[in-house]
Amino acid sequence: MLRTMLAGLFSDDLAVDLGTANTLIFVRGEGIVLNEPSVVAINQPDHSVLAVGREAKAMLGRTPGNIAAIRPLKGGVIADFDVTERMLHYFIAGLHRRRELVRPRVVLGVPSDITKVERRAVRDSAVRAGAREVYLVETPVAAAIGAGLPIEEPGGNMIVDIGGGTTEVAVISLYGIVCGKSVRVAGDEMDEAIVQYVKKRHNLLIGERHAEEIKVRLGSAYPLPGERQAIAVKGRDLTDGLPKSIVISDEEVREALREPVMTIAETVPACFEQTPPELAADIADRGIVLTGGGALLKGLELLLARETRLPVTVVADPLTCVVMGIGKVLENPDLFAAVTRTD
Ligand SMILES: Nc1ncnc2c1ncn2[C@@H]1O[C@H](COP(=O)(O)OP(=O)(O)OP(=O)(O)O)[C@@H](O)[C@H]1O
Ligand SMILES: [Mg+2]
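Residue positions are given per chain, counting from 1 as you read along its sequence in written order. Here every chain gets a letter starting at A, and every ligand a number starting at 1, in the order they are written. Reporting in this predicted model follows two pLDDT cut-offs: at least 70 for local features of residues, and 80 or more for side-chain atom pairs to be given and counted; totals over whole chains, interfaces and linings ignore these cut-offs and use all residues. Side-chain figures throughout are based on the complete set of non-hydrogen atoms in the structure, without hydrogens or water.

Trainee: Looking at this structure, how should I read the sheet that holds strand 9 (residues 105–110)?
Mentor: Across a sheet, paired strands are connected by hydrogen bonds in the backbone, their directions being either parallel or antiparallel. Taken in spatial order, the five strands of this open sheet run 3-2-1-9-10, and their pairing is mixed. Here the strands that pair on one side only, and so sit at the sheet edges, are strand 3 (31–37) and strand 10 (133–138). Across the sheet, the axes of successive neighbouring strands diverge by a mean angle of 20°, strand direction being ignored. Of the strand pairs in this sheet, strand 9 and strand 10 are connected by six bridges, and their pairing is parallel. We call two strands paired when DSSP finds no fewer than two bridges between them. The secondary structure listing takes helices from DSSP runs of H or I that are at least 4 residues long and strands from runs of E that are at least 2 residues long, numbered from the N terminus. Structural elements are reduced to axes, namely lines fitted to C-alpha atoms, with helices fitted over the stretch in contact, and the angle between N-to-C directions of any two is expressed from 0 to 180 degrees.

What follows is the structure, given as structure tokens:
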């Protein structure tokens, strides 16, 4: 009896932001219940799952031959179906254990430019991972909802969502994307740019995880006021193959990041080229809103403001904005009807 009553308190609905870098799950009535890196460690001989999420991320670049630490999504889309499905299954099963979720209804965020076949793949993965019904919502729309923008009105709202694998720029009005532009350049490309820079300039090979750490601690898109900073970077010397440590400055990291950062910045004017003038005028007044973990790169909003001559703001919590938006969709039937799709 008590069990049934408790079960009734929990709803069967989940909002899932299946990102290239991080997966977040929101349960209706509860909020965010899971926030883990989208990484799975697989034991090669028998294909069993050894670890998922944070624990698996710590293994990236550190596995012996019999273990593979895999990031199953690339550029915002599923690159390895089997592993994505197992990851989702693991995450959803973990929630099951804590509450009475029986084959939940799931709303998933997907990039706006993916093909029908890719949408189908996402849907199938979620169903095989245990979902009863699957609805999709475009990431920029979810980001705009999460940011609290008035997308129900006729008026231009511009979202720039910079994730791990993809940057999506979209103009949203009346619940829909009027025009958008995406590039497969985001946080991962920034990490890779740091790896390449350190290799070229310092003859030092570093791992991608270390590069990400450097980006988060020292990275910037625009010169910032205050003292110059520097940190120690450790890797393998390409000349003699031995471990070595060098010191890298914030200026060097900015130089390393210039190319991916400029590619991201150029996506905004490319989107404006397709934007109807009335909506462009609205955006000139309201400005541009940044979401996604990449928006946390220091000075990115200053660079974008300089490049576009428009006001640019970063939402309060860029890493959770999309899943919070999908969560609002779950909780509001009108919004649900207006923005989800089943094809
Ligand atoms: N303080 C920071 N400075 C710069 N980058 C950061 C910072 N914090 C997180 N990031 C980067 O944000 C990215 C992850 O962002 P997010 O979780 O929004 O991506 P995602 O939704 O998983 O990916 P996608 O939307 O492309 O599928 C990573 O590349 C991470 O390194
Ligand atoms: Mg994302």
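Trainee: Any chance you could explain the packing of helix 8 (residues 250–272) against helix 10 (residues 300–308) here in plain terms?
Mentor: Between helix 8 and helix 10, the least distance of the axes is 10 Å, while the angle of their chain directions is 45°. By the angle between their directions, the pair helix 8 and helix 10 is classed as oblique. Handedness of the helix 8/helix 10 crossing: right-handed. For the pair helix 8 and helix 10, the contacting residues are Val261, Met262, Ala265 and Val268 in the first and Leu300, Leu303, Leu304, Glu307 and Thr308 in the second. The nonpolar class holds Ala, Val, Leu, Ile, Met, Phe, Trp, Tyr, Cys and Pro. Asp, Glu, Lys and Arg form the charged class, and all remaining residues, Gly among them, are polar. Of the residues belonging to the contact of helix 8 with helix 10, the class tally is seven nonpolar, one polar and one charged. When an angle is under 35 degrees it counts as roughly parallel; over 145 it counts as roughly antiparallel; between 65 and 115 it counts as roughly perpendicular; any other value is oblique. By convention the crossing between two helices is left-handed if the near helix lies anticlockwise of the far one by an angle smaller than a right angle, and right-handed if it lies clockwise. Should any heavy atoms of two residues lie within 4.5 Å, those residues are considered in contact.

Trainee: What's the story with the side chain of Ser125 in this structure? I'm lost.
Mentor: Relative to the helices and strands, Ser125 is located in helix 4 (residues 116–128). Once residues lying within four places of it in the same chain are set aside, the contact partners of Ser125 are Ile78, Phe81, Glu85 and Leu88.

Trainee: Explain the state of the cysteines here, please?
Mentor: Disulfide: a covalent bond formed between the sulfur atoms of two cysteine residues. Our working definition of a disulfide is a cysteine sulfur pair at a distance within 2.5 Å. Scanning the entire structure with this criterion turns up zero disulfides. Cys179 provides the cysteine sulfur closest to Cys271, a residue in no disulfide bond, and the two sulfurs are 4.3 Å apart. Only protein chains enter the area calculation, which uses a 1.4 Å probe; residues under 20% of their type maximum are buried, those over 50% are exposed, and those in between are partly exposed. Look at Cys271 and you get buried, because its relative accessible area is 0%. Among the cysteines around Cys321, which has no disulfide bond, Cys271 carries the closest sulfur, lying 17 Å off.

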